[in-house]
Amino acid sequence: MSRRIISATLNAVCLAALALASAEHASAATTSPAERKSTTARAPNIVLIVADDLGIPDLATYGASPVAVPTPNLDRLAHRGVMFQRGYANASVCSPSRAGFLTGQYPQRHGFEFLTPEGADAGRQGLAPTQRVFAADLKRGGYRTAIFGKWHLGSTPDRLPTARGFDEFLGFLPGETAYGRAGTPGLTSVAAPYLGTRSFERKVDWVQLMKHRAGDPRPPEVVTDDKTYLTDLLTREAVRFIGTGPRGQPYFLYLAHLAPHSPFQALDADMAPFADIKDPVRRTYAGMIRALDRSVGAVLDAIERSPDADNTIVIFTADNGAATYMGVSDCDSLAGGKLSYFEGGPRVPFLMSWPARWPRGRVEPRNVSLMDIAPTVLAASGVKTDAVFDGVDLTPRMQPGRDGETIHEALFFRTGPEYAVVSGDWKLLSNTREGAFPWLFDLSADPSERNLMTFAKPDVVRDLQARFRAWETGMKPSAWTPKQ
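What counts and how
- Residues numbered from 1 in each chain as written.
- Predicted model: local features only at pLDDT ≥ 70, side-chain atom pairs only at ≥ 80, totals over all residues.
- Heavy atoms only, no water.
- Core = buried A, V, L, I, M, F, W, Y, C linked by side-chain atoms within 4.5 Å.
- Buried < 20%, exposed > 50% of the residue type's maximum accessible area, 1.4 Å probe, protein only.
- Helix = DSSP H or I, 4+ residues; strand = E, 2+ residues; numbered from the N terminus.
- Contact = heavy atoms within 4.5 Å.
- Pairing = 2+ DSSP bridges.
- Axes fitted to C-alpha atoms, helices over the stretch in contact; angles between N-to-C directions.
- Polar contact = N/O pair within 3.5 Å; in protein donor to acceptor, adjacent residues only side chain to side chain.
- Parallel < 35°, antiparallel > 145°, perpendicular 65-115°, else oblique.
- Nonpolar A, V, L, I, M, F, W, Y, C, P; charged D, E, K, R; others polar.

Asks: Looking at this structure, I do not really get the nonpolar core. What am I missing?
Replies: Looking at soluble globular proteins, one finds that nonpolar side chains tend to be buried together. Formed by 109 residues in total, the largest nonpolar core has its most connected members in F134, F252, Y254, F316 and I373. With twelve residues, helix 8 (residues 280-304) is the single largest residue contributor to this core. Not counting chain neighbours up to four residues away, the residues in contact with F316 comprise I49, A51, L54, L59, L74, L77, L292, V296, P349, F350 and L351. Listed in part, the 28 residues of the second largest apolar core include V422, F441, V460 and V461.

This is the structure in structure tokens:
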């Protein structure tokens, strides 16, 4: 297949989705090196920051893409720990991806293959009671736990975050909300191409969140805010949580940002540095990423003020790649985007630091999965669990002398008839046209997936197809039909 045909296919992939579609803890401002060293014998604090619909090409931390936004605080986090070049989410859309990293398992093991339907009861669909969320293990092991931001894993009482191991929740249950009221001075709201005003108009056009604590029999409280930009509101809560609580008790914070998912709304102050970007959607998108990076900086500042700074695991990632079909990001350096299994869909930014145990400033080229988060942090915490993981504990594999080991022999992805397999540098991608052959790419030589290797390496195609069929035998069919 020619480059022209492949490029046309990738453009179609980008557009196909259309159819599918600070309270601060000042008392700990200074700590001595001796105090910090003494904390490393204790269970580490854990901070998981997740962006929504964020592609690797969007971040200057990952290179010089034409659309990359300067991200100095993500640079700071990368210098603090490890930057994974090939970190893969379990899906190229929100809900199943989140189920994967919160459980450490392929979501298909539980029939979780498509987006969680929204609504009052969502048909009791979403994160099933049989799916263990690692927050529950940490809470049982003495951690205080909190989630601020997006859930999108079910809305019935048994599927709320406070029923799944989180002590407190302030956020929203569906896939998106507003960042602020459209028309507010200092806030820009723009409509993305093809979607019109739907890209920022919602049932509620201001920030409306739910607040709940574990064990409270009352329904979640509705919290509205007509003044605070959503990214900043969630950051404020995260900083408060880090700076409070009993001294010496470890914590797990899940900061689940909506940014830079639509609706495209940004503070004018965050957009000001991007006046040279003429397209209003991309300029607003850049401002949203700047606010996201600013949030990371505020969280790192709060951690650095604490006595446990070096013994705090900080993870930054995204649930899937950029929504390129909205006119943001691009399909060049990494093909495709959200809703596709070209690299731009499941391959996401992935940074992890633990100064007490992990190397600093390392760039890691091996294939890793967001499923690795759960076994890694549980092993670090010392909390015992009987959960069986598809992910692995990354900590020993980041130690000197082990950089030649393979972390995952293969990673698998499936959404209905679409599937992909990544094994080493090889990538097999389904082609669902009737009678069509699958696509094979060599990611080491061709990360943008332009040069077809299907006919040059038929033995590799057969091997990856066989691996995929074997993997499917351990998975379940989807527990619900996706909403059309």
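Further notes follow.
Asks: Would you explain the sheet that holds strand 1 (residues 45-51) in this entry?
Replies: Strands in a sheet are paired, the pairing made by backbone hydrogen bonds, and the direction either parallel or antiparallel. The ten strands are arranged 7-6-4-3-8-1-10-11-2-12 in an open sheet whose pairing can be described as mixed. If you trace the sheet from one side to the other, it starts and ends with strand 7 (221-225) and strand 12 (362-369), each paired once. Sheet twist, expressed as the average angle between the axes of neighbouring strands with direction ignored, equals 15 degrees. Where strand 3 (residues 144-150) lies against strand 4 (residues 168-172), five bridges are found, and the strand directions are parallel. What sits directly across from K150, in strand 4, is F172. Contacting strand 3, strand 4, strand 6 (207-213), strand 7 and strand 8 (251-256), helix 6 (residues 230-242) runs over the sheet at an angle of about 175 degrees to strand 3.

Asks: Teacher, can you tell me more about unusual backbone geometry here?
Replies: The step from A259 to P260 runs through a cis peptide bond, and the omega angle for that step is -5 degrees. Counting through the fold element by element, P260 comes out in the loop between strand 8 and strand 9 (264-267). With an omega of 10 degrees, the peptide bond between S262 and P263 qualifies as cis. Along the polypeptide, P263 turns up in the loop between strand 8 and strand 9. Notably, H152 is not glycine yet its phi reads approximately 60 degrees, a positive angle. Within the secondary structure layout, H152 lies in the loop between strand 3 and strand 4. Owing to a relative accessible area of 5%, H152 belongs among the buried residues under this scheme. Not every positive phi belongs to a glycine, and S329 is a case in point at roughly 55 degrees. Looking at the element boundaries, S329 is found in the loop between strand 10 (312-318) and strand 11 (347-353). The exposure class of S329 is buried, given its relative accessible area of 4%.

Asks: Got a minute to help me understand the side chain of N320 in this structure?
Replies: Structurally, N320 is set in the loop between strand 10 and strand 11. A polar atom in the side chain of N320 sits 2.9 Å from the side chain of D53. Polar side-chain contacts of N320 include one of 3.3 Å to the backbone nitrogen of C94.

Asks: Looking at this structure, I do not really get the side chain of T177. What am I missing?
Replies: Counting through the fold element by element, T177 comes out in the loop between strand 4 and strand 5 (187-190). T177 sits in the buried class, given a relative accessible area of 8%. Every residue in contact with T177, bar those within four places of it in the chain, is listed here: F172, W206, Q208, L230, L258 and P263.

Asks: Whenever I open this one, the packing of helix 6 against helix 8 confuses me. Can you help?
Replies: Each pair of packed helices gets described by two things: the angle between the helix axes and the distance between those axes. Contact geometry for helix 6 and helix 8: axes closest at 9 Å, N-to-C directions at 10 degrees. One element, helix 6, and the other, helix 8, form an angle in the roughly parallel class. The segment helix 6 lies against helix 8, with T231, D232, T235, A238, V239 and I242 engaging A291, L292, R294, S295, A298, V299, A302 and I303. For the contact of helix 6 with helix 8, a count of residues per class yields nine nonpolar, three polar and two charged.

Asks: Looking at this structure, I do not really get the environment of S65. What am I missing?
Replies: Its location among the elements puts S65 in the loop between strand 1 and helix 3 (72-80). The class of S65 is buried, set by a relative accessible area of 16%. Along the primary structure S65 and S333 are separated by 268 residues, whereas in three dimensions their C-alpha atoms are 7.1 Å apart. Those residues within four positions of S65 in sequence are excluded, and the remaining contacts are P57, D330 and S333.

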